[in-house]
Amino acid sequence: MSDVCRKFCFIALIAFLVFNCDLKAQVELKVSYDLLDESQEKDAFIEHWKTVITFERSKNGGMPIVKETDLCRVVPLQNNSVMRHYFVSSHKQITHYKFYTSSGRKSIKPVIGDSNTPGVFQSDSKYYYFSRNIKPSDQYGKFEVKSTIDDLRFYTRAYMADMKLFTAKREVEILVPAWLDMQVKLYHADHIDLTCEVDSLPEGDILYRYIGGNLNAPFQSDYFPGYANVHPHLLFLYNRYRTENGEWKPILKHVDQLYKWYKEMRGPEQYDLEKFKAISSEVVSGATNQHDSIKKVFYWVQDKIRYIAFEQGIDGFRPQNALSVYENKYGDCKGMSNLLKAMLTSLGYDARLAWLGTQDLPYTYKEPSVAVDNHMICVLYQGKRKYYLDATEKYLKLGETASRINGKEILIENGNSFVIDTVRRSTEDISSETYHYELKLSGNDLRGKMKFQLQGEAKRHFYMRLSQFSRSDQEKNVRELMCQEDNLLMDSLSALPATFDRDSNLNLTGRILKNNALKQIEDERYIGIANLMPEINFDIDTSKSRHVRFSQVINQLNETTLEIPDSMKLCYLPKPLFFEFDNAFYRMEYLLDGNLVKYKSHLYIPYKIYKQEQIKDLAKLFDYQHKSRKQKIILKKKIDEANMTK
C-alpha cells in the first residue's frame, strides 16, 4: 500500500473515530437531557462531579485540617455558558483552581464577593463565582477547585446533589487516615440511587466511596423545608485523633466535649451585674410580682434590641458581649440571649444560655457536631417551670415558643455540666384564627357583623405583617386582607391596638357588606356564605415539589350564620365535606336551626414536612376548601296564600 493510501486511510479512520465520539457524546447528551424533569433547570447539567476529601495533621499540633478537591464537569444545554459557586469562611479558603474544556485548559478568574446571606448583618463567608463561555465544539467545562479547612470541626457535611443543577453522576471519596477516628453518616438517601464502598487500606487507612446517579436539585418554593432536612448528604462525626507522639486527643466524640467547646467559644462570663441591675431595675419598674418582672425584661429585649445575624469570626459561634448588645441596641441570637441572661441574673433569677438546632436541621445530640446547632436562646428556671426565651422572635408571649424550635432538643448550661431537654409548648400555646359572621339579607345585598380572633403564633405572624406598614396604612391592609372576595366591603372596623399586645388574643370586629350577593335564576335565589373569610392560596406545582412545610401551624375556623327572611324559604343546603390525611384535615357542614342557616368549617395542618407522595393530598385538602367556598344555598320566595285564594 502506498504512502498516499496509508495517509488517506489514517485520516479516514481519525474522521470516523471523531464522528463516532461526537455521535456518542450527542447520544449521551440527549439521554441526560431526557432525564431532566420539569422541576430542573435546563440551561446545563452536571455530567460528573467528584469530591475527594483527605485529612492532614496540623503543623502547630492543633486540630487536624481538611483538604478538599472538587472536580465538576458541567455540560451546557441552552447556551455555551458554564458556571459554579464555591463558598469560603473564616476557616475555609480556596487554594487552587483550574478550568478545562474537551480541547484543553482555559484561563478563568473568579468573581469574589460577600455571600450576603439573607438577614446576616456581617459575616466572614464569601463566595467565588466562576463563569466561562465555551465553544460548542468543547462540549463541556470542567472545574477543578482545591480548598483547605484549618479545623476539621467546621467541615461537617458534604451534599450529594447540587443545589441548582441535575447531576448525572456523583462521587464522594473520603480517605480517613489511621490516626483519625471518625464516622460518616448518610442522610436522606432512601429515594436515590446510591452505593457505598468501604475499603481498608494498608497502614490502617480507610477509604469511603459514595457513588450516586441521576440526582435532582431541590425545587425551591415558599414552602421548602431546608436543604439539610431533605437533601441527601453526608454528616461527618469526629471522635478523636492521634498526635505524632502517639497520644489520642478528643475532638467531639461525646456531647460533653461539644458543650465544653461551646463554653470555650463563649469565653468567661463578664457580666457587670451591678451595672445590669441598675439597667434591669429600671426596665421592671412597676412590676408587681416575679412573673411581671420576667415578662418586662423579655419583652424589652424583643422590642428594644434589633435582631441582626452577626457571623464574624469562628463561623458565628462566639457570642457578643452582653453590654455591647445593650449599648449598640442590636445583636444576633447569641448576643440577645447573653443580654437576657445578664439582665435576669442581675435580678436574682436562674437564667441560663442554651444551644439548639431549629427545625431546619434534622440532627440530635446523638451526633455531637457543630452542625447540630444553629441557634441560641435563654432558658429561665422559675419554680417548677422552665421558660424558653427566644428574643429573636418578635411579639412572642412569655411561655410561648415558635414552631421553628418546638419539639427540638436543647443543650442547657448547668455550670460545668449541662442538661439536654426538649422544647415543649405549653397547653395554652395554641395557634388559631377564627372568623364569626352574623348575616342578613337586605334586598339582594348581604349585610352583617364580623368578628375576627387570633391567638398564638397566628397572632404573632399577623403583628409581624402589620409592623411592616405605617400606622396610617395598617387599617387599609387589614381591610384588604378581610375583603378578598369580589364585591365584599367593610364599612366599619374596630380600632387596631395602639401597641401589639402579646398577652391577649387579638379581637377585631366590623360590619361587612356584599353587594349583589343574591343571584336569581328563574324562581330560585342562590347565595354563598362560605367565601367571606380570607382564603389561603396554596400556589405550588405538585409535579415539581418534593417536600413542603408551612411557616406555622394552620388552624383556621369559620362559624357563619345567615338569617332567612320571613318572605323566603330554604330549598337546598350543600352537603358536608370532610377530608383527612396524616393529622391534617378539612371539614365543613351546614345546619338549619329555625330560621338560621349555620355554616362551620375547620382547616388544620400541623407544622411538619410533607413528602412528595403526600403533597397531592395536601393540594386536595385546599381543593376541598376552595370548592366548599363556591357552594351555594338555594332559597325561594314564599307564595302569598291570601293572594292565591283571591
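Residues numbered from 1 in each chain as written. Predicted model: local features only at pLDDT ≥ 70, side-chain atom pairs only at ≥ 80, totals over all residues. Heavy atoms only, no water.

Visitor: Pulling in residues and values, what's your account of the packing of helix α8 (residues 457-466) against helix α9 (residues 471-482)?
Guide: Interhelical geometry of α8 versus α9 gives an angle of 125 degrees and a closest axis separation of 10 Å. Taken together, the axis directions place α8 and α9 in an arrangement best described as oblique. Between α8 and α9, the residues in contact are Phe462, Arg465 and Leu466 and Gln474, Asn477, Val478 and Leu481, respectively. Its residues assigned to classes, the contact of α8 with α9 comprises four nonpolar, two polar and one charged. (Axes fitted to C-alpha atoms, helices over the stretch in contact; angles between N-to-C directions. Helix = DSSP H or I, 4+ residues; strand = E, 2+ residues; numbered from the N terminus. Parallel < 35°, antiparallel > 145°, perpendicular 65-115°, else oblique. Contact = heavy atoms within 4.5 Å. Nonpolar A, V, L, I, M, F, W, Y, C, P; charged D, E, K, R; others polar.)

Visitor: Tell me what's going on with helix α4 (residues 273-283), and back it up with residues and numbers.
Guide: An α-helical turn contains 3.6 residues, so a residue and the one three or four places further along point in the same direction. Those residues of α4 not exposed but buried are Phe276, Ile279, Ser280 and Val283. Down the axis of α4, the smallest arc covering the buried residues is 95 degrees, so these residues share one side. Turned more than 90 degrees off the buried face of α4, the exposed positions are Glu274 and Glu282. Elements that come into contact with the buried residues of α4 comprise α5 (290-304), α6 (322-328) and α7 (333-346). (Buried < 20%, exposed > 50% of the residue type's maximum accessible area, 1.4 Å probe, protein only. Arc of directions from axis to C-beta.)

Visitor: Quick one: what's the story with the pairing of strand β22 (residues 385-389), residue by residue and with numbers?
Guide: Here is the key point about a regular strand: its side chains alternate between the two faces of the sheet. Pairing analysis gives five bridges linking strand β21 (residues 375-382) to β22, with the strands arranged antiparallel. Looking at the pairing, Val379 lines up with Tyr388 of β22. What sits between β21 and β22 in their antiparallel hairpin is a turn of two residues, with Gly383 showing a positive phi close to 65 degrees. (Pairing = 2+ DSSP bridges.)

Visitor: Describe in detail the pairing of strand β9 (residues 141-149), supporting the description with residues and values.
Guide: For β9, the tally of buried residues reaches seven of nine residues, placing the bulk of the element in the interior. As defined by bridge partners, strand β2 (residues 65-76) adjoins β9 across nine bridges and the pair is classed as antiparallel. The residue bridging Asp70 from the neighbouring strand is Val145, located in β9.

Visitor: Give a detailed account of the layout of surface pockets, specifying residues and quantitative values.
Guide: Summary: where empty space remains is shown by rolling a probe the size of a single water molecule over the atoms. In this structure, the second largest pocket encloses a volume near 1100 Å³. If you go around the second largest pocket, you meet 39 residues; those closest to its centre are His461, Phe550, Ser551, Gln552 and Ile554. At the level of elements, β25 (432-442), β26 (445-455), α8 and β32 (554-563) are the ones that each hand at least two residues to the lining of the second largest pocket. Among the elements that take part in the lining of the second largest pocket, α8 stands out by supplying seven residues, more than any other. Residue classes in the lining of the second largest pocket are distributed as 18 nonpolar, eleven polar and ten charged. (1 Å grid on protein atoms, 1.4 Å probe; cavity = no way out; pocket = protein on both sides within 12 Å on 5 of 7 lines; lining within 4 Å. Points joined across faces, edges and corners; volume = space filled by probe spheres on them.)

Visitor: An account of the nonpolar core is requested, with residue identities and associated values reported.
Guide: Grouped together as the largest cluster of nonpolar side chains are 81 residues, with contacts concentrated most on Phe55, Ile174, Leu180, Phe236, Val301, Met343 and Leu389. Beyond its immediate sequence surroundings of up to four residues, Val301 is in contact with Met336, Leu339, Leu340, Met343, Ala391 and Lys394. Counting 58 residues, the second largest nonpolar core, distinct from the first, contains Tyr395, Phe452, Met490 and Leu508. (Core = buried A, V, L, I, M, F, W, Y, C linked by side-chain atoms within 4.5 Å.)

Visitor: Pulling in residues and values, what's your account of unusual backbone geometry?
Guide: A positive phi is found at Lys329, a non-glycine position, where the angle reads about 65 degrees. Within the secondary structure, Lys329 sits in the loop between α6 and β19 (330-331). With a relative accessible area of 31%, Lys329 lands in the partly exposed category. Although it is not a glycine, Asn516 sits at a positive phi angle of roughly 50 degrees. By the secondary structure assignment, Asn516 is in the loop between β28 (506-514) and β29 (519-521). A relative accessible area of 44% places Asn516 in the partly exposed class.

Visitor: Mind laying out the packing of aromatic side chains, listing which residues take part and the relevant values?
Guide: With the rule as written, the count across this model stands at 32 aromatic pairs. A ring pair is formed by Tyr86 and Phe130, whose centres lie 5.9 Å apart and whose planes are at 80 degrees; its orientation type is edge-to-face. Remark: Phe130 occurs in strand β8 (residues 126-133) and Tyr86 occurs in strand β3 (residues 81-88); sequence separation between them is 44 residues. Phe130 matches Tyr86 in its accessibility class, with the two residues each being buried. The interplanar angle of 45 degrees and the centroid separation of 5.3 Å between the aromatic rings of Tyr223 and Phe538 together place this pair among those described as tilted. Pair noted here: Tyr223 is in the loop between β14 (206-215) and α2 (227-230) and Phe538 is in the loop between β30 (524-527) and β31 (547-548), with a separation of 315 residues, a long-range link. Like Phe538, Tyr223 is buried. (Phe/Tyr/Trp six-rings, centres within 6.5 Å; stacked < 30°, edge-to-face > 60°.)

Visitor: Outline the pattern of salt bridges, supporting the account with residue identities and numerical values.
Guide: Taken as a whole, this structure holds 32 salt bridges when the rule is applied. Residues Glu393 and Arg460 are paired through a salt bridge, measuring 2.7 Å at the closest nitrogen-oxygen approach. Taken as a pair, Glu393 in the loop between β22 and β23 (409-414) and Arg460 in helix α8 lie far apart in primary sequence, 67 residues in all. Just as Glu393 is buried, Arg460 falls in that class too. One salt-bridge network, held together by shared partners, links Asp390, Glu393, Arg404, Arg425, Glu457 and Arg460. (Salt bridge = Lys/Arg side-chain N within 4 Å of Asp/Glu carboxyl O.)

Visitor: Run through the sheet that holds strand β1 (residues 44-56), naming residues and quoting values.
Guide: Hydrogen bonding along the main chain pairs the strands of a sheet, whether they run parallel or antiparallel. Within the open sheet, the eight strands sit side by side as β5-β4-β9-β2-β1-β11-β14-β13. Their pairing is mixed. Lying at the two open borders of the sheet, with one neighbouring strand each, are β5 (104-106) and β13 (193-200). Adjacent strand axes in the sheet meet at a mean angle of 15 degrees, parallel and antiparallel pairs treated alike. Across nine bridges, strand β4 (residues 92-101) lies against β9 in antiparallel orientation. Following the sheet pairing, Lys92 is matched in β9 by Ile149.

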